[in-house]
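A structural walkthrough
Listed below, chain by chain, are the residues.
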Amino acid sequence: MKNKTIAINPKAWYQADAGWYIEGRYNYEAAQTVSVVTGKTFDYESDLSCSITPIAGVVAGEFNGGIIGCNASADYKKCVFSLQTEYAFSGENKRCNFIYSWVDLSYEISGVLSAGISLQKTHLHRVSGQSEAGLFLKGAFGKWELPLYIFNPCGSQRYAVLGFNISLE
């Protein structure tokens, strides 16, 4: 029988009308680690809408250091591309530094349901990177969004990520 691990990774963010952004998360960069990032969002609205948010922040816990990165998205009709990438650097040991990216490409099936493909990649300091591809289904119900990701769906290392997101605009 395989061991099943459940990890809770809460993440909360707020974006002000002026574009200022702040995000807090737990167990994201490492277990028992808190991180806080801030940045400013720049938007372009058209048939192809784009958004980019450069971010920087701090990490404390099992991993201590800083983060620089970027959140970006592009929407065209019913298709959405999103990217979250960061470089996390340790204040204690540069061998713990890593680059992480999470990319989604989705299609809106209906007003409340979208599906897509996802890719996450981690590259540790002086170690070749690890990529994991997946599929996802995302339901939206009022202010709530419930995404379900299945990574490595055809492999023996398959796992799921279930999210519960609420918009506080």
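Let me sum up the structure you'll find in this document. (Residues numbered from 1 in each chain as written. Predicted model: local features only at pLDDT ≥ 70, side-chain atom pairs only at ≥ 80, totals over all residues. Heavy atoms only, no water.)

**Thoughts on the overall build of the chain**
Applicable threshold: Think of it this way: any DSSP run of H or I at least four residues long counts as a helix, any run of E at least two long counts as a strand, and we number them from the N terminus. The globule rule used for comparison is 2.2 Å times the number of residues to the exponent 0.38, while the radius of gyration itself is calculated over C-alpha atoms. Each residue's exposure class comes from its accessible area (1.4 Å probe, protein chains only) as a fraction of the maximum for that residue type: buried when under 20%, exposed when over 50%, partly exposed otherwise. What makes two residues a contact is simply this: any of their non-hydrogen atoms within 4.5 Å. Accessibility throughout is a Shrake-Rupley quantity obtained with a 1.4 Å probe, and a residue counts as covered only by protein chains that appear here.
Assigned secondary structure in the chain consists of zero helices and 13 strands. Its helices and strands taken in sequence order, the chain reads β-β-β-β-β-β-β-β-β-β-β-β-β from the N to the C terminus. Whereas a compact globule of 169 residues would reach a radius of gyration of roughly 15 Å, the chain reaches 17 Å, a difference of no more than 12%. With the C-alpha coordinates of the chain rotated into their principal frame, the extents come out at 45 × 45 × 25 Å. With 169 residues in all, the chain has 28% of them scored as buried. Counted over contacts in the chain with a minimum sequence separation of 6, partners at least 24 positions apart contribute 27%. Approximately 11,200 Å² of the chain is accessible, and the part contributed by carbon and sulfur atoms is 62%.

**Digging into the environment of Ala16**
One can find Ala16 in the loop between β1 (11-15) and β2 (20-26). Put simply, Ala16 and Lys40 are 24 residues apart on the chain and 9.2 Å apart in space, counted from C-alpha to C-alpha.

**Observations concerning the pairing of strand β10 (residues 130-141)**
Put simply, the rule reads: In this description, strands pair whenever DSSP reports at least two bridges between them.
One ladder, built from 10 bridges, connects strand β9 (residues 113-124) with β10; its direction is antiparallel. From the neighbouring strand, Ser114 faces β10, where its bridge partner is Lys138. Sheet topology places β10 next to strand β11 (residues 144-151); eight bridges connect them, and they run antiparallel. The partner of Phe136 across the bridge, within β11, is Tyr149. Where β10 folds back onto β11 in an antiparallel hairpin, the turn is made up of two residues, including Gly142, whose phi is positive at roughly 65°.

**A closer look at the pairing of β11**
Walk down a regular strand and you will see the side chains alternate between the two sheet faces. Bridge analysis of β11 against strand β13 (residues 165-166) gives two bridges, and the strand direction is antiparallel. Note that in β13 the partner of Trp144 across the bridge is Ile166. Relative to strand β12 (residues 159-162), β11 is paired through four bridges, and the arrangement is antiparallel. What sits directly across from Leu148, in β12, is Leu162.

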